[in-house]
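A structural walkthrough
So the chains spell out like this:
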Amino acid sequence: MSVPDYMQCAEDHQTVLVVVQPVGIVPEDQFFKIYKRITSVSQVSIRDSQRLLYIRYRHHYLPENNEWGDFQTHRKVVGLISITTCASAKEWPQTAERFHGQKEVYSSTLYDSRLLVFGLQGEITEQQRTDVAFYPSFEECSDVEKRVEDFVESIFIVLESKRLDRATDKSGDKIPLLCVPFEKKDFVGLDTDSRHYKKRCQGRMRKHVGDLCLQAGMLQDALVHYHMAVELLRGVNDFLWLGAALEGLCSASVIFHYPGGTAGKMAGRKPSISQPADAGKRHRPGALTANGISADTSTEIGRAKNCLSPEDIIEKYKEAISYYGKYKNAGVIELEACVKAVRVLAIQKRAREASEFLQNAVYINLGQLSEEEKIQRYSILSELYELIGFHRKSAFFKRVAAMQCVAPTIPEPGWRACYKLLLETLPGYSLSLDPKDFSKGTHRGWAAVQMRLLHELVYASRRMGNPGLSVRHLSFLLQTMLDFLSDQEKKEVTQSLENYTSKCPGGMEVITLPDGLKLPPVPFTKLPIVRSVKLLNLPVSLRPHKVKGLLGQNMSTASPFIYSPIIMHNRGEERCKKIDFQWVQGDVCEVQLMVYNPMPYELRVENMGLLTSGVEFESLPAALSLPAESGLYPVTLVGVPRTAGNITVNGYHTSVFGVTSDCLLEGLMGVKTGGCLVEVIPSLPRIQLSTSLPRSAHTAQPMSKEELSSTVSVQLFNGETQELTITLENIGSEDIETLELTSKIISTKEKVFGEFLSWELEDALSHLPLKPGQAVTLTVSIKVKLDFSGQENLLQDLNDDGISVTGLPISSPLRQVLKPRPETKPVSSESGKAEYSHVKTLEAVLNFKYSGGAGKVEGYYRELSLGVHVDVEPSVFFTRVSTLPATSTRQCHLLLDIFNPTEHELTVSAKNNQDLVLHASECQRMAIQVDKFDFESLPQPDQETVRFSNPKQLEEERQHAQGCQINSKLGICWSIISFQWLHVL
């Protein structure tokens, strides 16, 4: 016997073997349809008995295996069912002849046979024959199962008669010597009358009768006969048959201990449809029948006495296998015994001992096996190792079987079979085809073995002619094994991937194999690796603001409480945290990613963009090139939301090495994000601002550069006025419907007199609504009036003999030119420079508030801020003020000592007075005749105001009112002659 049956198990020893074969030409699908119906009759309850007959069907069985039927009767073909088609009566004789020839093949062992004829009609079908059944077609054959049951009962009758015939002790008859095929030549010329020979014959016959009893459902009798056979055969050292007797003893004991079988769930014993309704209530096979006829006469006590314990079963299997190992020609028997023992040990959960049996099975030499037989052998070994929980060992033999499918000796390598077997090895090596399994925790399994297996899958899929599979497996290798690849391996894998993707680009579709297995997509989340994702707010000038009166609207979670557990719970159910700023429909929005390149060479990432949900979003893909093993590198991805609502940034997409990837944030490990859900409000207009004054790098403190769209800078003399022309252009897609302008002076120590910034907005408002592309212009007046009276550095050299103006010592009122300042005075620090600086700074912010479109309907607007930076230089100083009486008692002469601190020649004029020319750094006296001032006529604050106001504040207001009255009467102006400027003091 050269071909082992790897599917055998211990309970097969109680089955009878029936071969089902086609005769002539029978369609394969129709044959297996009938074969499936026949095999459904796997056990039959014998009438007038509670014994069951178990049947094992095969559609292919080698005649040489049948020759071992005396050695173990379950190997003997005792039944034959032939299936044929016959279209006419003329074909019938030839069909009958073929059936007869088929019976001749198994004639030495056959108990009974049947022929099922399909398609024949007429007189021939009316003949009453027990061995032939006629059916009009494959569809009209409702009683196939009933005929098979009758056929099995006829087999039982023959089996029972043979059992009774062999079991009866006929001391006068000579017992024949049962042999296996290779023994026959060894027994030629032996003394048949010797005691040793007779014991051998008796022992073998006892073992044979035990087999028949086991098949006939006489479990106790079988145990008794096996025990007797063991004793007889052990005494004559008939090791081959002794091993068979021990194996029979083990099989009978297994049947008793494990009535559900050892072959697994698929091969478990199932009640036959022919079984009586009360058969389920019976005791184990061999229980007494109602009338006590033809039943297993054992009792539970007797069975327990002769039956081996679970531990002894394994010991006897070991002994039997050791005896088989003594015979080179019994390799198949030894291998099958190992397989049966492993299945029993699997039931007993004794995996380590089972592995010893399997290890022995690996080294059993079966001679020259075909490649197909080798594949089958390794596949079964793999399944058995899987059965006992040795997953990696199972995967090893499955992989060996896969490699055997494409052995060099095979003329047509089976790459599809190889690929299929390789896929089945993945679980054993802790490998799956889902990259999500590798993003959780530490790596499982041996990376080197896993990479080897993945390379073999890539090669096999390429040889199958499926480059898409090669790309998917190579992508999986690069994504999941990146940390274990050397620099050289990384280069080789990526080069191979680029070669494959040049013919078949990789994508995110699920690949479905012919057997239904689905290969999930493999996104490249490590090329590059993303460490943080941050949604960026719009620039300050584009950020939307809610009208204060509408802040409470559209807030579904509004609550008067600071903390509400219900609201927090609801928010916790959201996949992403909502961000506290808004994006605007139609405006470019930004998401910043911090990425780095783990590859040892430059990584080119193409078509990188955002993946979003919630609103219609136009992603604007970017391409980037990351240097080798770069540190964290900021990448900004942009897009434009086209509709309003809540948008969720789910991840990003890339194209690397020809593979398109959709990388979701929820699948990224160690990624920091401050939230990825943001509200998109309806569209708002956009304004672009330009000015007539040059832009400045100054930033109005404490505001930041981001808060100001731009800043203009101008240098003025104290009292000078400058016109600032501002052009506002609508560069958005919505009309500007409202426009407001406000100003704010940034905190300063300087006191400003009069209006610093002033404008007229009516003309600009008349152009509203401002269409996209249109512009409007408005003029802002910048007028600076500061008090420079406390400038020590300008007056430090004007020493006098006691007369004091502004609280500082000054020179004689007749002195006209300043002394030169010492050039050697050190200026060693910034504070020193400031001490000598005579320029004052004013800063203000012009704030444009505008709105329009759908955003305005929702109560949103935008703000645009323009910073105004003014450096103010002193223009004219009054170093001394005094009065002289005039000719009229109602008037007086006002004497002003005027000092020009500038570097330019200027003129000073007043009402009804000649112009006074002052050269640079020159001081002169001007006399102005004016009416006496009546400060008592100024309005006085009421008593209530006096009571609740600060006295210092009241004094300042009084002085300011007096100063305004003096200025209005004097009307002093100055102008720089070279510039032709005229300015009011």
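Here is what the cut-offs are and how they apply
- Residues numbered from 1 in each chain as written.
- Predicted model: local features only at pLDDT ≥ 70, side-chain atom pairs only at ≥ 80, totals over all residues.
- Heavy atoms only, no water.
- Salt bridge = Lys/Arg side-chain N within 4 Å of Asp/Glu carboxyl O.
- Helix = DSSP H or I, 4+ residues; strand = E, 2+ residues; numbered from the N terminus.
- Buried < 20%, exposed > 50% of the residue type's maximum accessible area, 1.4 Å probe, protein only.
- Pairing = 2+ DSSP bridges.
- Axes fitted to C-alpha atoms, helices over the stretch in contact; angles between N-to-C directions.
- Parallel < 35°, antiparallel > 145°, perpendicular 65-115°, else oblique.
- Left-handed = near helix turned anticlockwise from the far one by under 90°.
- Contact = heavy atoms within 4.5 Å.
- Nonpolar A, V, L, I, M, F, W, Y, C, P; charged D, E, K, R; others polar.
- Phe/Tyr/Trp six-rings, centres within 6.5 Å; stacked < 30°, edge-to-face > 60°.
- Lys NZ or Arg CZ within 6 Å of the ring centre and 35° of its normal.
- Polar contact = N/O pair within 3.5 Å; in protein donor to acceptor, adjacent residues only side chain to side chain.
- Core = buried A, V, L, I, M, F, W, Y, C linked by side-chain atoms within 4.5 Å.
- Domains from an automatic or database assignment.
- Expected span 1.5 Å × (residues − 1).
- pLDDT = per-residue confidence, 0-100.

Taken as a whole, this structure holds 29 salt bridges when the rule is applied. A salt bridge links Asp5 to Arg58, with the shortest nitrogen-to-oxygen separation between them at 3.0 Å. Placement of the pair is Asp5 in the segment before β1 (15-23) and Arg58 in strand β3 (residues 52-58), with a sequence separation of 53 residues. Asp735 serves as the salt-bridge partner of Lys771, at 3.0 Å between the closest nitrogen and oxygen. With Lys771 in the loop between α19 (762-765) and β26 (775-783) and Asp735 in the loop between β23 (721-730) and β24 (738-745), this pair connects stretches of sequence that are 36 residues apart. Assessed through its relative accessible area of 40%, Lys771 is described here as partly exposed. Three or more residues joined by partner-sharing salt bridges are found here, namely Arg47, Lys146, Asp150 and Glu153.

Let us now look at the pairing of strand β32 (residues 891-899). Burial analysis of β32 places seven of its nine residues in the buried class, which makes it a mostly covered element. Remark: five residues form the turn of the hairpin made by strand β31 (residues 877-885) and β32, two consecutive strands paired antiparallel. Pairing between β32 and strand β35 (residues 923-931): nine bridges, direction antiparallel. Following the sheet pairing, Leu896 is matched in β35 by Met926.

Next up on the list: the packing of helix α4 (residues 144-167) against helix α5 (residues 195-215). Geometry of a packed helix pair, given as the angle between the helix axes and the separation of the axes. For the pair α4 and α5, the least separation of the axes is 9 Å and the interaxial angle reads 150 degrees. Between α4 and α5, the interaxial angle falls into the category roughly antiparallel. When the axes of α4 and α5 are compared, the crossing they make is left-handed. The segment α4 lies against α5, with Leu159, Lys162, Arg163, Arg166 and Ala167 engaging Met205, His208, Val209, Leu212, Cys213 and Gln215. A per-class count over the contact of α4 with α5 returns six nonpolar, two polar and three charged.

With that settled, consider the packing of helix α14 (residues 415-425) against helix α15 (residues 447-463). The N-to-C vectors of α14 and α15 enclose an angle of 155 degrees; their axes lie 9 Å apart at closest approach. When the axes of α14 and α15 are compared, the pair comes out roughly antiparallel. Along this stretch, α14 crosses α15, giving a crossing that reads as left-handed. Counted together, Trp415, Tyr419, Leu422, Leu423 and Thr425 of α14 and Leu453, Glu456, Leu457, Tyr459, Ala460, Ser461 and Arg463 of α15 form the full contact between these two elements. Class assignment for the residues of the contact of α14 with α15 results in eight nonpolar, two polar and two charged.

Taken as a whole, this structure holds 19 aromatic pairs when the rule is applied. Taking the centre distance of 6.1 Å and the plane angle of 85 degrees together, the rings of Phe32 and Tyr35 count as edge-to-face. Residue Phe32 and its partner Tyr35 are both found in helix α1 (residues 28-39); the two are separated by three residues, about one turn of the helix. Arranged with centres 5.7 Å apart and planes meeting at 85 degrees, the rings of Trp68 and Phe71 form a pair that is edge-to-face. The burial state of Trp68 is the same as that of Phe71; both residues are buried. Site record: aromatic cluster; members linked through ring pairs are Trp68, Phe71, Phe182, Trp241, Tyr324 and Tyr327. The residue whose ring lies beneath Arg392 is Trp446, and the NZ or CZ to ring-centre distance is 4.1 Å. Geometry around Tyr861 places Lys849 over its ring, the cationic atom sitting 4.9 Å from the centre.

Attention shifts here to the side chain of Glu873. Secondary-structure assignment places Glu873 in strand β30 (residues 860-873). Once residues lying within four places of it in the same chain are set aside, the contact partners of Glu873 are Gln715, Leu716, Phe717, Asn718, Phe788, His838 and Val839.

In this fold, His869 is placed in strand β30. Among the polar contacts made by the side chain of His869, one reaches the side chain of Asp871 at a distance of 3.1 Å.

Here the focus is unusual backbone geometry. Note the cis peptide between Leu527 and Pro528, where omega equals -5 degrees. By the secondary structure assignment, Pro528 is in the loop between β8 (518-519) and β9 (529-535). Cis geometry is found at the peptide bond from Leu768 to Pro769, where omega equals -5 degrees. You can see Pro769 is positioned in the loop between α19 and β26. You will see that Ser430, though not glycine, has its phi angle at about 55 degrees, which is positive. Mapped onto the secondary structure, Ser430 falls in the loop between α14 and α15. The exposure class assigned to Ser430 is partly exposed, which follows from its relative accessible area of 24%. Here Ser921, not a glycine, exhibits a phi torsion of approximately 60 degrees, which is positive. Position of Ser921 among the secondary structure elements: in the loop between β34 (916-918) and β35. Assessed through its relative accessible area of 32%, Ser921 is described here as partly exposed.

For the rest of this paragraph, the subject is the sheet that holds β32. Read from one edge to the other, the open sheet built from three strands follows the order β31-β32-β35, with strand pairing classed as antiparallel. Bordering the open sheet on either side are β31 and β35, each of which pairs with just one other strand. Averaged over all pairs of adjacent strands, the angle between strand axes in this sheet comes to 20 degrees, irrespective of strand direction. In this sheet, β32 lies alongside β31 in antiparallel orientation, the contact comprising eight bridges. The residue of β32 that forms the bridge with Phe877 is Phe899.

Moving on, we come to the nonpolar core. By size, the foremost hydrophobic cluster in this structure holds 99 residues, and its most contacted members are Ile38, Tyr57, Phe71, Ile83 and Leu116. Lining this core are residues from two domains, each supplying at least three of them: domain 1 (10-168) and domain 2 (202-263 + 307-360). Listed in part, the 82 residues of the second largest apolar core include Leu431, Leu485, Val591 and Leu684.

With 18 residues, helix α10 (residues 331-348) should reach 26 Å at 1.5 Å per residue; the first-to-last C-alpha distance of 26 Å fits that figure. Within α10, 17 of the 18 residues are buried, which leaves it mostly tucked inside the rest of the structure. Just beyond α10, the residue with positive phi is Lys349, at close to 60 degrees.

This part covers the confidence of the model for the protein. Scored by pLDDT, the protein has a mean of 82; 84% of the residues are at 70 or more. Throughout residues 265-302 the model reports pLDDT below 50, and contacts reaching past four residues in sequence, or to other chains, amount to 72 contacts. Across residues 566-575, where pLDDT falls below 50, the model places nine contacts with residues more than four positions away in sequence or in other chains.

Further remarks concern α14. Along α14, the residues that are buried comprise Trp415, Cys418, Tyr419, Leu421, Leu422, Leu423 and Thr425. As for α14, its buried residues are in contact with α12 (371-387), α13 (391-405), α15, α16 (467-480) and β8.

It is worth spelling out the sheet that holds strand β5 (residues 112-118) at this point. Strands sit in the order β2-β3-β1-β4-β5-β6 across an open sheet of six strands; the sheet is mixed. One side of each edge strand has no neighbouring strand; the edge strands of this open sheet are β2 (43-45) and β6 (132-135). Each adjacent strand pair in this sheet contributes to an overall mean axis angle of 25 degrees, direction not counted. Where strand β4 (residues 77-85) meets β5, seven bridges bridge the pair, whose relative direction is parallel. Within β5, the residue paired with Ile81 across the bridge is Arg114.

Relative to the helices and strands, Arg463 is located in helix α15. With 48 residues separating them along the chain, Arg463 and Trp415 place their C-alpha atoms 6.6 Å apart.

Time to look at the environment of Cys307. Mapped onto the fold, Cys307 is located in the loop between α8 (300-306) and α9 (310-324). The sequence separation of Cys307 and Cys250 amounts to 57 residues, and the corresponding C-alpha distance is 8.5 Å. What Cys307 contacts, discounting residues up to four positions off in sequence, is Leu223, Ser253, Phe256 and His257.

Before going further, it helps to examine the environment of Val547. For Val547, the position within the fold is in the loop between β10 (544-546) and α18 (565-572). Assessed through its relative accessible area of 37%, Val547 is described here as partly exposed. Separated by 311 residues in sequence, Val547 and Glu858 place their C-alpha atoms 9.1 Å apart. Those residues within four positions of Val547 in sequence are excluded, and the remaining contacts are Gly859 and Tyr861.

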